[in-house]
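Chain residues, written in single-letter form:
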Amino acid sequence: MRLALIGFAVGVALLQQQDELLPLWAYIVCPVSLFLLLVFPLQRKLASRLQQEYQLWLQTKLQLKLQLRLGLQILFAVLLGFCWAGTYAHFYLSEQLPSALENRDLQITGVIDNLPNRVPQGVRFDFLVEKYDAIAEPVSIDGAALPRLPSRLALGWFDQPSNPIAVADLRPGQRWQLTVRLKRPHGNSNPDGFDYEVWLLEQGIRATGSVRASTSENTAAAANQFQQEFVWSLHNLNQRARYFLREKIMSTLGEATYAGVIAALVIGDQRDITQRDWQIFNRTGIGHLISISGLHITMIAGIFASLMYYLWRHSFFTQAQLPLRLPAPKVATIAGVVAAFIYVALAGFGVPAQRTLWMLLVVAIAVWSGRTASITHILCIALGLVLLLDPWAVMSPGFYLSFAAVGVLLFASLGRYHFPVKTNDDTQSISTWTVRWQVIGEKLYLAGRAQYAVTMGLVPLSLLLFAQVSIISPIANAIAIPLVSFVVTPLALSGSVLPAPVSTLLLTLAHELISLLAQFLTMLSKNSWAVWRAPIPSWWMFALAMIGVLWMLMPRGWPLRFLGVICCLPVLLQPVSAPETGDMNVTVFDVGQGSAVLIETAKHRMLYDTGPGFSAEANAGTRVLLPYLQGRGIHRLDQLMITHSDSDHSGGALSLIQNLDIDLLSSSLVATHPIVLAAHQHRRCQAGQSWNWDGVQFEVLHPVPVIYTSSKWKSNALSCTLKISTKTHSLLLTGDIEAIQEDELVNSIPGKLKADVLLAPHHGSGTSSTTPFLQSVRPELALFQVGYLNRYQHPKPEVMQRYLDFGIKPLRTDTSGAITLQFGSVITVNEYRKDHARYWYSR
């Protein structure tokens, strides 16, 4: 059974690696056919042959038969998982926003379906559509007046002068009539980045968009109208309960620094925790505690089960004799499971929470049925249930960390010799305190061994998922686990449900304890050696390291346990990949509507622009660039060049400066700009600057020094324009220069403009990429960094046609994802969305 459930999980994981889905009938017919083959003719045929032809070796052949049957059962489980996940995907992908409805004003009526998320510009929320109408001219697709709209949307309602809205006005379960503009799910596609599209698919969201205001451009739009305070359903009731708990916590704690952490512990909502706090939690290895974790759920279930067990045994202090009617352990298990279910519902049914809930449910079934269930059976059943209900859970790091942590603990503890408590036949010769200290010593020994096992066992997985492992996590967890799990969480839960002034006292106390813990963690995380960083390992390195840590976790007396350390060396000490001397690698990131390009030579690295920024927490630096650089094991840049001050080029700069060692900032920014003030060293970029890194020549072509003396130019005109040349090929990076600057370059230095690859000026706007400029550059390839269905409509159709007329091949990041170019004897181009295609892309 355990192997079958693991095989089911493997099949689910294999399906999520496919670039396209098979027809739906194939996912239904294949497992049914194999099942019939296993159950009927194959087994009878094997048995007949064994009886007729191999009588002398019957015992041996029976063993082979059993092995073959086991292998076929595992194969069937893998196929079943693969086909289940495929069928599940077909069902959810059947809802798709018709292309004719993209970027059109639609009037929809529905219900706010989740806990609204406050952001600096407004509020984001999920919306369950009940009905809709097209605002503009009628739409007709295949003869239908109104095509089907996805039932669940992710919307943003942002503050506008003509459309003010208070975030507090939106609550889960409310019915609204809204005018929206939608587009299909689309996210940035970059190596080692967050896959927004599969996350939306897992949430059942098949379109995203924004709420529109009534303006002169959409006069047909009715005003956005509130219609009903609460639409009854169990889901809405749960979400409304989460909303009231969050509001109570936030109103009680006000602007307290760690109010978001308290909310995360009570309702699993981590969105109010700052990026800086997450960095500290992750560096110290306690990020798993800042949520409704399996440990917290088990604790709550245990508390309620123990309370019910005590009350039931005493018949609630009546004469009812309840234990004679129903045993107290059975009642206690039901109470524990119900409490766990309520707590998991408050958490939004995250993967770690689900895993714990299903494990508790299996234990409860075993207690009620009078059977004994091994912990490995319980864990495998929980694994199967999680993937049965959510096949995309395998795409979440939390899935692997949650099950791996429990698996490592089982491996390191089952069947092991524990620290003994000494006894003596003469009971009078041992004092009570001696026995107590021996019990405490045993518990501390077991806790220390468990922490050691989890820390060591998760090292390869942490490096594979996050490219880092916290060295100080055993110390941090030794303090944080008991404090957060057994003190802060009960205080926060009690404070969120009890009335004032008791709630105020409890929540304030919980916050103060978290604040003290955060101060301690901050002190630990400041050490440069707190985290070990390495590039994300290849699969063979990861497998070898896993063998190594399991070898080290073997019991004492196991031969040559030190060999496990040797197995881990490749994953810990692997170098950062780099091109050969004289060559260069260029990564053009998919950052939406903005620009960011990484240039690498044999021993140097430079980042050209940092993409868009929406806030200090949400920008291309934190969402795209830092995850990529960390996954590569890159923690230092020789130079950061910010072409100009527009936020779509400089938005991620501050986040990068705070998290990376940057030797030099080169930009056209004014001396008082926050980015310049935050930099270790700044140099103004201007024409004539040049340098050579490892046989690769860099030269700044624009702006000329005199342009800084005039205030008439807007920021685009100041864009740092950089040409990079190897011995055989060259790249021209242009920023947001426009027609005037292009004309100046063509007339002043036409001989320096020739390049094999061109980063299209100003994202392909109508004010750039002039004919004389393209004639001077004569590129073979043009790169457009643009956002999907961006509001500027970049690249303009006439500009794109101009490139095509010159025979220039265009590549766009909104359709290709991140684009990687290797400049060697030839230019090798890789498009992330093609090389790592998945069936959910652009669906």
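What counts, and at which threshold
Residues numbered from 1 in each chain as written. Predicted model: local features only at pLDDT ≥ 70, side-chain atom pairs only at ≥ 80, totals over all residues. Heavy atoms only, no water. Helix = DSSP H or I, 4+ residues; strand = E, 2+ residues; numbered from the N terminus. Buried < 20%, exposed > 50% of the residue type's maximum accessible area, 1.4 Å probe, protein only. Contact = heavy atoms within 4.5 Å. Areas by Shrake-Rupley, 256 points an atom, 1.4 Å probe, with all protein chains shown as cover. Pairing = 2+ DSSP bridges. Axes fitted to C-alpha atoms, helices over the stretch in contact; angles between N-to-C directions. 1 Å grid on protein atoms, 1.4 Å probe; cavity = no way out; pocket = protein on both sides within 12 Å on 5 of 7 lines; lining within 4 Å. Points joined across faces, edges and corners; volume = space filled by probe spheres on them. Nonpolar A, V, L, I, M, F, W, Y, C, P; charged D, E, K, R; others polar. Salt bridge = Lys/Arg side-chain N within 4 Å of Asp/Glu carboxyl O. Core = buried A, V, L, I, M, F, W, Y, C linked by side-chain atoms within 4.5 Å. Disulfide = S-S within 2.5 Å. Parallel < 35°, antiparallel > 145°, perpendicular 65-115°, else oblique. Left-handed = near helix turned anticlockwise from the far one by under 90°. Phe/Tyr/Trp six-rings, centres within 6.5 Å; stacked < 30°, edge-to-face > 60°. Lys NZ or Arg CZ within 6 Å of the ring centre and 35° of its normal.

Concerning the overall build of the protein
Looking only at helices and strands, the protein features 29 helices and 26 strands. When each of the 843 residues of the protein is scored for burial, the buried share is 49%. A sequence separation of at least 24 residues applies to 70% of the contacts in the protein between residues at least 6 apart. Counting every atom, the protein has about 39,900 Å² of accessible surface; 61% of that belongs to carbon and sulfur.

Quick look at the sheet that holds strand 20 (residues 721–725)
Taken together, 7 strands build an open sheet; the order of strands is 18-19-20-21-22-23-24 and the sheet is mixed. Looking at the sheet topology across the chains shown, the edges are occupied by strand 18 (690–693) and strand 24 (809–812). Sheet twist, expressed as the average angle between the axes of neighbouring strands with direction ignored, equals 20 degrees.

Remarks on empty space enclosed by the protein
Applying the stated criterion across every chain yields a total of 1 cavity of 30 Å³ or more. Together, Ser 595, His 649, Gly 735, Asp 736, Leu 759, Ala 760, His 763 and Gln 785 line the largest cavity.

Considering the layout of surface pockets
In this model, the second largest pocket occupies a volume close to 380 Å³. As for the second largest pocket, its lining consists of 16 residues, of which Ile 300, Phe 304, Ala 339, Leu 493 and Val 497 are closest to the centre. At the level of elements, helix 9 (294–313), helix 11 (328–346) and helix 17 (473–497) are the ones that each hand at least two residues to the lining of the second largest pocket. In terms of residue count, the dominant contributor to the lining of the second largest pocket is helix 11 (6 residues). Along the lines of polarity and charge, the residues of the lining of the second largest pocket split into 14 nonpolar, 2 polar and no charged.

Points about the sheet that holds strand 14 (residues 639–642)
Read across the open sheet, the 8 strands follow the order 17-16-14-12-11-10-25-26; overall the sheet is mixed. At either end of the open sheet lies a strand with only one pairing partner, and these are strand 17 (682–684) and strand 26 (827–831). Neighbour-to-neighbour, the strand axes of this sheet turn through a mean angle of 15 degrees, independent of strand direction. Pairing analysis gives 4 bridges linking strand 11 (residues 597–600) to strand 12 (residues 605–608), with the strands arranged antiparallel. Its bridge partner being in strand 12, Ile 599 is matched across the sheet by Met 606. On the sheet, helix 21 (residues 620–632) packs against strand 10 (584–588), strand 11 and strand 12 and is oriented at approximately 25 degrees with respect to strand 11.

Quick look at the pairing of strand 1 (residues 105–112)
By the criterion of burial, strand 1 is predominantly enclosed, with 8 of the 8 residues buried. Where strand 1 lies against strand 5 (residues 175–183), 7 bridges are found, and the strand directions are antiparallel. Bridge assignment links Leu 106 to a residue of strand 5, and that residue is Val 180. As paired elements, strand 1 and strand 3 (residues 122–134) share 7 bridges and run antiparallel to each other. Bridging across to strand 3, Ile 108 finds its partner in Tyr 132.

Describing the pattern of salt bridges
In total, this model carries 22 salt bridges according to the counting rule given. Lys 752 serves as the salt-bridge partner of Glu 699, at 2.7 Å between the closest nitrogen and oxygen. Here the residue Glu 699 occupies a position in strand 19 (residues 696–702), and Lys 752 occupies one in the loop between helix 25 (739–748) and strand 22 (757–759), the gap between them amounting to 53 residues. Classification of Lys 752 by relative accessible area gives partly exposed; the value is 37%. Three or more residues joined by partner-sharing salt bridges are found here, namely Arg 118, Arg 246, Glu 247, Asp 269 and Arg 271.

Remarks on the nonpolar core
In this structure, Ile 262, Leu 387 and Tyr 839 are the most contacted members of the largest nonpolar core, which totals 90 residues. Examining the composition of this core, we find that 9 residues originate from one element, helix 18 (residues 502–525), more than from any other. In contact with Ile 262, other than residues within four places in its own chain, are Ile 249, Leu 253, Val 488, Ala 492, Leu 507, Ala 510, His 511 and Ile 514.

Observations concerning the state of the cysteines
Scanning the entire structure with this criterion turns up 1 disulfide. The disulfide that involves Cys 685 links it to Cys 720, with 1.9 Å between the sulfurs. Its S-S torsion of about -70 degrees marks the bond between Cys 685 and Cys 720 as left-handed, since a negative value means left-handed. With Cys 685 in the loop between strand 17 and strand 18 and Cys 720 in the loop between strand 19 and strand 20, this residue pair connects regions lying 35 residues apart in the sequence. Cys 720 matches Cys 685 in its accessibility class, with the two residues each being buried. There is no disulfide at Cys 30, and the cysteine sulfur nearest it, in Cys 83, is 5.3 Å away. Cys 568 takes part in no disulfide bond, and the closest cysteine sulfur to it belongs to Cys 567, at a distance of 6.8 Å. In this structure Cys 568 comes out as buried when scored by relative accessible area, which is 7%.

Here we look at the packing of helix 14 (residues 397–413) against helix 15 (residues 432–457)
Running from N to C, helix 14 and helix 15 point in directions that differ by 125 degrees, and their axes come no closer than 9 Å. Taken together, the axis directions place helix 14 and helix 15 in an arrangement best described as oblique. Once helix 14 is placed against helix 15, the crossing between them reads as right-handed. Contact residues: helix 14 offers Ala 405, Val 408, Leu 409 and Ala 412, while helix 15 offers Arg 449, Ala 450, Ala 453, Val 454 and Gly 457.

So, the packing of aromatic side chains
Considering all chains together, one arrives at 26 aromatic pairs under this definition. When the ring of Trp 157 is compared with that of Trp 176, the centres are 5.3 Å apart and the planes differ by 90 degrees; the resulting orientation is edge-to-face. Taken together, the residues span a long stretch of sequence, with Trp 157 in strand 4 (residues 152–158) and Trp 176 in strand 5 at a distance of 19 residues. You can call Trp 176 buried: its relative accessible area is 8%. Seen in terms of ring centroids, Trp 691 and Trp 693 are 5.9 Å apart; in terms of plane orientation they differ by 55 degrees. Their pairing is tilted. Both residues of the pair, Trp 691 and Trp 693, count as buried. Feature note: the residues Trp 84, Tyr 88, Phe 91, Tyr 92 and Trp 392 constitute an aromatic cluster, connected by ring pairs. Taking the ring centre of Tyr 708 as reference, the NZ or CZ of Arg 684 above it sits at 4.1 Å. Over the aromatic face of Tyr 841 sits the side chain of Arg 833, whose NZ or CZ is 4.6 Å from the ring centroid.

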